[in-house]
Amino acid sequence: MVTPADHASLVWQIKEMQRTDALAKEQWIKYTTVEGGGIRDPAKHGAEFLQIFFNVKDSLEVQLPTMPSFSELFKEAQKASPSFRQAWSTYRAGMPMGGKYDDPCKHDDKFLVGALEYLGQCSCATMTLSGGISGDMGGMGGMGGMGGM
C-alpha cells in the first residue's frame with residue numbers, strides 16, 4: 001500500500017527533476033500529455049501514475065528546447081514592440097561601430113549585450129526620475145500586453 005509519505009516523496013522527486021533536468025522535464029510533459037490528460041502538476045496524480053513515469057521515462061523520446069540566440073531575441077523584440085524597435089535603431093545608429101543595419105544578425109553578441117545594458121540603464125533612470133512605472137505603458141495596460149490580466 002502506498003502511504004501519503006510515499007506519494008509526497010514521488011511528487012517532490014518529479015518537481016525537483018523538473019527544476020534541475022531539462023530532458024526529464026520534457027519527458028514529464030510528454031508523459032502527462034499522452035497519459036495524464038495534460039495535467040502537469042504531479043500532486044494531482046496518484047502514486048502509481050508517478051511511479052510508472054519513473055519506470056518509463058528513459059524510453060520517452062523528446063527533443064530539448066533550443067535556446068535562441070541574442071540576435072533572434074532582438075528580432076522577436078523588434079516585431080513585438082515598436083518602442084523597442086525604435087530604441088534599438090537609435091542605439092545602433094548612435095554607436096561608432098553601429099553600422100547602417102538594424103538587423104541584429106549583423107552585430108556580435110557583445111554589441112547586443114551592450115545595447116541591452118544601455119537600454120536597461122535608461123529605463124531604470126527614467127523610472128527613478130518619474131517615481132516608478134505609471135501610465136498605460138504604451139497602451140498595453142502595464143502588463144506586458146496582457147491588458148491587466
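That block above? That's the structure.
Residues numbered from 1 in each chain as written. Predicted model: local features only at pLDDT ≥ 70, side-chain atom pairs only at ≥ 80, totals over all residues. Heavy atoms only, no water.

### Some words on the overall build of the chain
A count of helices and strands for the chain gives six helices and zero strands. Burial statistics for the chain: of 149 residues in total, 23% are counted as buried. Within the chain, residue pairs in contact and separated by at least 24 positions form 53% of the contacts whose partners lie at least 6 positions apart. When the accessible surface of the chain is totalled, it reaches about 10400 Å², and 59% of it is carbon and sulfur. (Helix = DSSP H or I, 4+ residues; strand = E, 2+ residues; numbered from the N terminus. Buried < 20%, exposed > 50% of the residue type's maximum accessible area, 1.4 Å probe, protein only. Contact = heavy atoms within 4.5 Å. Areas by Shrake-Rupley, 256 points an atom, 1.4 Å probe, with all protein chains shown as cover.)

### Some words on the packing of aromatic side chains
All chains considered together, the criterion is met by 11 aromatic pairs. Relative to W88, the ring of F74 lies with its centre 5.0 Å away and its plane at 70 degrees, an arrangement referred to as edge-to-face. Of this pair, F74 sits in helix α4 (residues 70–80) while W88 sits in helix α5 (residues 82–94); the two residues are 14 residues apart in sequence, bridging distant segments of the chain. Exposure class is identical for F74 and W88. Each is buried. Measuring from ring centre to ring centre gives 5.9 Å for W88 and F111, while their planes differ by 80 degrees; the resulting arrangement is edge-to-face. Note that W88 is positioned in helix α5 and F111 in helix α6 (residues 109–130), a separation of 23 residues in sequence. In this structure, W88 and F111 share a single accessibility class: buried. (Phe/Tyr/Trp six-rings, centres within 6.5 Å; stacked < 30°, edge-to-face > 60°.)

### Points about helix α2 (residues 22–35)
Taking 1.5 Å of rise per residue, the 14 residues of α2 would be expected to cover 20 Å, and the 20 Å separating its terminal C-alpha atoms lies within 8% of that figure. Considered for burial, the residues of α2 that qualify are A24, Q27, W28, I29, Y31 and T32. Those residues of α2 that are buried are in contact with α1 (4–20) and α3 (47–56). If you check the start of α2, you find a side-chain oxygen 3.1 Å away from the backbone N of L23, and it comes from D21. Just beyond α2, the residue with positive phi is G37, at close to 65 degrees. (Expected span 1.5 Å × (residues − 1). Polar contact = N/O pair within 3.5 Å; in protein donor to acceptor, adjacent residues only side chain to side chain.)

Honestly, that's just the spatial picture; any functional story needs more than this.
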